[in-house]
Amino acid sequence: MALMRFGDGRKAPTFHWSAVAAGLFVALGIHIVLTSFGLGIAFLGAETSEGGNMALGLLIWSGAAWIVGSFLGGYITAWVADASRYIEGLFHGLVLWGTLTFVIMFLPPSTMGLGTMGADTFLSTAVISSVSWFVAIGGLLSLGTTIWGALVGSRVVERVETKAAEAARAA
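Within every chain, residues take consecutive numbers counted from 1 along the sequence as written. A pLDDT threshold of at least 70 governs which residues receive local features in this predicted model, and a stricter bar of 80 or more applies before side-chain atom pairs are shown or counted, although totals over entire chains, interfaces and linings include all residues. Water and hydrogen atoms were dropped before computing side-chain values, which therefore reflect all heavy atoms in the structure.

Visitor: It is not clear to me how the environment of Asp82 should be interpreted in this structure. Could you clarify?
Guide: Under the scheme used here, helices are H or I runs from DSSP no shorter than 4 residues and strands are E runs no shorter than 2 residues, and both carry numbers assigned from the N terminus. Its place among the elements puts Asp82 in the loop between α2 (51-80) and α3 (86-105). Take Asp82: its relative accessible area is 41%, and that puts it in the partly exposed class. Placed 74 residues apart in sequence, Asp82 and Val156 show a C-alpha to C-alpha distance of 9.5 Å. Not counting the four nearest positions on each side in its chain, Asp82 is found in contact with Glu88, Val157 and Glu161. Exposed residues in this analysis have more than 50% of their type's maximum accessible area, buried residues have under 20%, and partly exposed residues fall in between, with area computed by a 1.4 Å probe over protein chains only. Residue contacts are counted whenever heavy atoms from the two residues lie within 4.5 Å of one another.

Okay, here's the thing in structure tokens:
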């Protein structure tokens, strides 16, 4: 069995928890603000719309907020980690995604926060099924956007380091 080597092997991949924390807070901030914005709009027009349409709209809006927050969080994570190699950006993005997904599932204002419901609250199987499908599909989409954001952030770091090295050689 042959082992594949990533990169040039001269530098071992480094991991920075502070970068993951920075990306996590950016992603959570974006998610909370966008979700709150959606809740405000939904309840502003709650008198004129049906409850089922409003719930579906909130679920979709919360998913979009999750995906946007994931991308920007991945970008920030790779940028703060100074991850100029794609493998470092990939690992930082994966850890960020896992941490972000765990936190979002227990976030009370989130429409995904089923774990925060009281013991006296009973949900129908249709609601549980809908939310489960939403979390599964949204989770996969956010995984892709988090990694995409981290790889884009890695690419930016690589370009900045290349330009800085060229400027230093020219001087």
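Following the structure, the description resumes.
Visitor: Teacher, can you tell me more about the environment of Val68 here?
Guide: Mapping Val68 onto the fold places it in helix α2. Here the alpha-carbon distance between Val68 and Ala27, two residues 41 residues apart in the chain, equals 7.9 Å. Filtering out sequence-adjacent residues up to four positions away, Val68 remains in contact with Ile30 and Leu34.

Visitor: Explain the nonpolar core here, please?
Guide: In this structure, Val20, Leu24, Ala27, Leu28, Trp66, Leu96, Leu100, Ile104 and Met105 together form the largest nonpolar core, which totals nine residues. If you list the elements that add at least two residues to this core, you get α1 (17-44) and α3. Discounting residues that sit within four places of it in the chain, Leu100 has contacts with Leu24, Ala27, Leu28, Trp66 and Ser70. To form a nonpolar core, buried Ala, Val, Leu, Ile, Met, Phe, Trp, Tyr and Cys residues must be joined to one another through side-chain atoms within 4.5 Å.

Read these as geometric descriptors, not functional statements.
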